[in-house]
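Observations on the three-dimensional arrangement
One-letter residues, chain by chain:
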Amino acid sequence: MNAVETNGLGKRYGNAWALRECTLAIPAGHVAALVGPNGAGKSTLLNLVVGLAAPSAGIVTVLDGQPAGSAAALDGIAFVAQDAPLYRNLTPSEMLHLTRNLNRRFDEGYAKARLRDLGIPLERKAAKLSGGQQSQLALTLALARRPQLLVLDEPMAMLDPLARHDFMATVMAAIADDGLSVLLSSHVLTELERVADFLVLVSHGSVQVAGAVDDLIASHRVLTGPASEADAYAERQNVVHAQRGEAQAHMLVRIDARTGPVPPGWEAHPVSLEELTLAYLREPSAAWLPGPGALRLEPIEVSN
Amino acid sequence: MAWVTWRQHRLALAGVVALFGAAAVYLLVTGLPMHDAYRAVAGCRPTGSDLCNKAVNDFLRTYAPGVGVTFGLLQAIPALIGAFAGAPLLAREFETGTFRYAWTQGFGRARWIVAKLVSLAVAVTIAAAVFSVLVSWYVQPILDAGDSNGPLYPTLFDLSGVALAAWTLAAFAIGVFAGVLIRRVVPAMFATIASWAALAFVTGAFLRAHYLAPVLTTNPNIPTGAWIINQGWFKGGNPAGLDTINQTFAPVDVRAITPNLFQPGPATPANLGDPVQYLIQHGLTQLTTYQPASRFWTFQWIEGGWLLALSLILIAATVWLVRRRAA
């Protein structure tokens, strides 16, 4: 079962494509991180997934084939938008009541217990809660709906480090309890590295990398060797991105049938998720996209 | 959903009730003494005597101007409801981003907007309908006294019968539609007031006079309470200006200041009688087009009908935009 599946998905605002040719399958049961620079199309993709925006091209389905935005999709997805919008003049207790009235399922006991544990006063207007409390309230409302898929758009952008930690702890506890799928976006990768086991990298309106984090790590490595030899090996080593210093060069290489053995005088290291993401972001023409069926490799270039 | 609508819009609903309540208190406080005064005037016997006619005229001179001002102010009610209850309904959701919360709940955005719009539209319409009953009570003595402005007079017509409820509903629908189009609270409020004002002006000044073909008469005695649309003098089939009227009046030294206002001079004979009759006897014809007061309810249902249709179209368009409009 796929939590999210897109095929040729595109969204155009006026004449500009915010997202185009997006074909993607995120299996259920994962914490999928949607990363990319600001303006890359992350929010657009999330809006399409939760049904707030309608596609200009292609299709998007969620929860095993339900059209995004359909009644079944809305029922099974909880979404926390960027900046956790809440009705400013309502109190947490009223927001609970509101959300219960707008959904078939709502675990009010869970929500109240969570807010109590977090020390969020139930009778204070949302406008007077701190940014961290507002985010936690929005997340609690979403989790109390007992969704199959939780979608979070830049959930931690407004939070200080402690609040970020608390926020992710809430998400991780819910995953452990309910086994829900999570799709969350961020332009800061480090905060997702600990939790994400699936990565979707978006840049310039298209998906550049999509895959399970374990697969990504296992199929890439970093080679370090003399800068003078870098060009010679670049072609043979299936290089995604090469970074050259005065003496040494670091090359992120993809391991597949075309990849040769580690050249003499070079060292191979496992790659971290952050290095891998940065390398692909610096190399917009490189892509690593296992489609719904087969692994699709785009031609790659080596830059200087 | 009823709780949701009530909790989120109770402030707007309280504002609507407060607005009508304040206006109602004002109408009661000024209306009760007016009713008492008219009871005294209406008890005058024998009716039609000079004394009784003077009492009626004094009553109208005392109370009619105040009623006119009051009705002028009450014209703003539908616009205020459209701007403060209608326009922010969706514009605030867009402005604060809360539509991203509301439209991703299991309830679904189509049902969400329909439930809100229907209950609020019904609430403001009922409030306006109740208030217009009070307006009708308030103005009754002025109409009974035979004021020259009858029930079809523009600022009274749209506050009485079904018109006030229909205008309030239309203003509310204009407000929510402006809100979904403009997506900003304050600009949507201004757009609502401007659109309502344009529609109300065009209706009062041009449309309403043609709901039914006006009555055309040469009889200078127009029935009491009629809404006069046009009145003018003709001679030999051509419009007669002030010059022609004054030429006709020259032998009796009467001067026409306007086609309806005549001033006798020092040489005017005391037995001239009605100057209008004098002009008619001397070859002029007064043509009047008017809507008789008896058409009041026909006009009310026509106006109520098309305003209801307009409101339903705007509400349907709002629902359609909410359903398809992207984030």
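1. A look at the overall build of chain B
Looking only at helices and strands, chain B features 12 helices and 6 strands. Relative to the globule expectation of 20 Å for 327 residues, the C-alpha radius of gyration of chain B, 25 Å, shows a markedly less compact shape. Principal-axis analysis of the C-alpha atoms places the extent of chain B at approximately 85 × 45 × 30 Å. Here the contacts in chain B between residues at least 6 apart in sequence split such that 78% fall between residues at least 24 apart.

2. Digging into the domain arrangement of chain B
All names here are of chain B. Domain boundaries in chain B define domain 1 (2-212 + 295-324) and domain 2 (215-291). Taking only C-alpha atoms into account, the centre of domain 1 sits 39 Å from that of domain 2. With 12 residues of domain 1 at the contact, the number on the domain 2 side is 7 residues. When domain 1 packs against domain 2, close to 740 Å² is buried across both sides, 64% of that on carbon and sulfur atoms. Three residues stand out in domain 1 for area buried against domain 2, namely Leu152, Ala209 and Arg295, and they jointly supply 52% of the buried area on that side. Here domain 1 is connected to domain 2 by 0 salt bridges. Applying the counting criterion to the domain 1 and domain 2 interface returns 3 residue pairs in polar contact (both at pLDDT 80 or more). A breakdown of the residues in the side of domain 1 that touches domain 2 according to their chemical character gives 6 nonpolar, 4 polar and 2 charged.

3. So, the nonpolar core
A:Leu199, B:Trp112 and B:Phe131 are the most contacted members of the largest nonpolar core, which has 151 residues in total. For this core, the element with the highest residue contribution is helix H6 (residues 109-144) of chain B, accounting for 13 residues. When near neighbours in sequence (up to four residues on either side) are disregarded, B:Phe131 contacts B:Phe20, B:Ala23, B:Ala24, B:Leu27, B:Leu74, B:Ile77 and B:Leu164. Counting residues in hydrophobic clusters, the runner-up holds 16 residues, among them B:Ala171, B:Ala200, B:Tyr211 and B:Phe299.

So, how was this worked out
- Residues numbered from 1 in each chain as written.
- Chains lettered and ligands numbered in written order.
- Predicted model: local features only at pLDDT ≥ 70, side-chain atom pairs only at ≥ 80, totals over all residues.
- Heavy atoms only, no water.
- Helix = DSSP H or I, 4+ residues; strand = E, 2+ residues; numbered from the N terminus.
- Rg over C-alpha atoms; globule rule 2.2 N^0.38 Å.
- Contact = heavy atoms within 4.5 Å.
- Domains from an automatic or database assignment.
- Buried area = accessible area lost by both parts, 1.4 Å probe.
- Salt bridge = Lys/Arg side-chain N within 4 Å of Asp/Glu carboxyl O.
- Polar contact = N/O pair within 3.5 Å; in protein donor to acceptor, adjacent residues only side chain to side chain.
- Nonpolar A, V, L, I, M, F, W, Y, C, P; charged D, E, K, R; others polar.
- Core = buried A, V, L, I, M, F, W, Y, C linked by side-chain atoms within 4.5 Å.
- Buried < 20%, exposed > 50% of the residue type's maximum accessible area, 1.4 Å probe, protein only.

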